Amino acid sequence: MMSKTHIAVGIAASLAAAPATAEGLSFALMGGAIGSLICDIDRSSDRPSRDVRQGWGIAFTVFFTAFMHESYVYWQTFRAETIFSNPLILVCLGLLVVLLLFAINGAHRGFSHSLLMFFASSVLVFFINRQTSLFYAIGFLTHLFLDLLNKKPVRIFYPAKGICLGWFYADGLANRILLLTGTGGCAALLILKYQMYGNLLRVIR
Ligand SMILES: [Zn+2]
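None of the values given here were measured: they were computed from a predicted structure. (Residues numbered from 1 in each chain as written. Predicted model: local features only at pLDDT ≥ 70, side-chain atom pairs only at ≥ 80, totals over all residues. Heavy atoms only, no water.)

Help me understand the pattern of salt bridges, please; the structure alone is not making it clear to me.
Side-chain pairing between opposite charges can occur once the charged atoms of the two side chains come close. Taken as a whole, this structure holds three salt bridges when the rule is applied. Asp-51 serves as the salt-bridge partner of Arg-43, at 3.1 Å between the closest nitrogen and oxygen. Of the charged contacts in the structure, one is a salt bridge between Arg-109 and Asp-147, with a shortest N-O distance of 3.4 Å. Here Arg-109, found in the loop between helix H5 (87-104) and helix H6 (115-128), pairs with Asp-147, found in helix H7 (residues 130-148); they are 38 residues apart in sequence, far enough to count as distant. Grouping residues by exposure puts Arg-109 and Asp-147 together as buried. Overlapping salt bridges bring together Asp-40, Arg-43 and Asp-51 as one network. (Salt bridge = Lys/Arg side-chain N within 4 Å of Asp/Glu carboxyl O. Helix = DSSP H or I, 4+ residues; strand = E, 2+ residues; numbered from the N terminus. Buried < 20%, exposed > 50% of the residue type's maximum accessible area, 1.4 Å probe, protein only.)

Here's what the structure looks like:
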């Protein structure tokens, strides 16, 4: 599927799993945005297509909007001194960069689309920031699931050969339907969960 579809479906699935708190929704947006597109880092080397550039533009905008919300409203998780004074986080960040450099140079739908990459990167993200790791994993899994529906094989069991269901073209009608459903789902879940959060606050007060 195309980048925007991956982001919309990945974030919608993350929001569905998120607790109805402003913080929980921020973490879901951050983890879902990056997790749902990270596999396609193998399309980002050399000359990235318009779809890839647009996808990363949207993913980073969502990530940083939620990041700023989390950092400045709550100021709990991403304090620079917490990150740079923790050797474990620094080591995991370094290993994640190495993993991404390996993935970026692979063939499309190769290592970056494998369960190996999923487990390795999810564990590293868990040690970097626990609250986003579940949503990163959900975003990643939705990407693999959507790509498996396409006609181009995905090397999900890397280094074994790729597999796919071969049902849809990546840029066909199914892609458009999934994009609309995912975007609608994101909007509905955000409204619903923020409302639930607001009502909960009122009850507590
Ligand atoms: Zn992909």
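Next comes the rest of the account.
Honestly, the packing of aromatic side chains in this entry has me stumped. Any pointers?
How two aromatic rings sit relative to each other is given by the distance of their centres and the angle of their planes. Applying the stated criterion to the full structure yields 12 aromatic pairs. Between Trp-167 and Phe-168 the ring centres are 6.3 Å apart and the planes differ by 80 degrees, which places this aromatic pair in the edge-to-face class. Judged by relative accessible area, Trp-167 falls into the exposed class, the value being 54%. Judged by its relative accessible area of 30%, Phe-168 is partly exposed. Put simply, the rings of Trp-56, Phe-60, Phe-63, Phe-64 and Phe-67 touch in pairs and so form one group of aromatic residues. (Phe/Tyr/Trp six-rings, centres within 6.5 Å; stacked < 30°, edge-to-face > 60°.)

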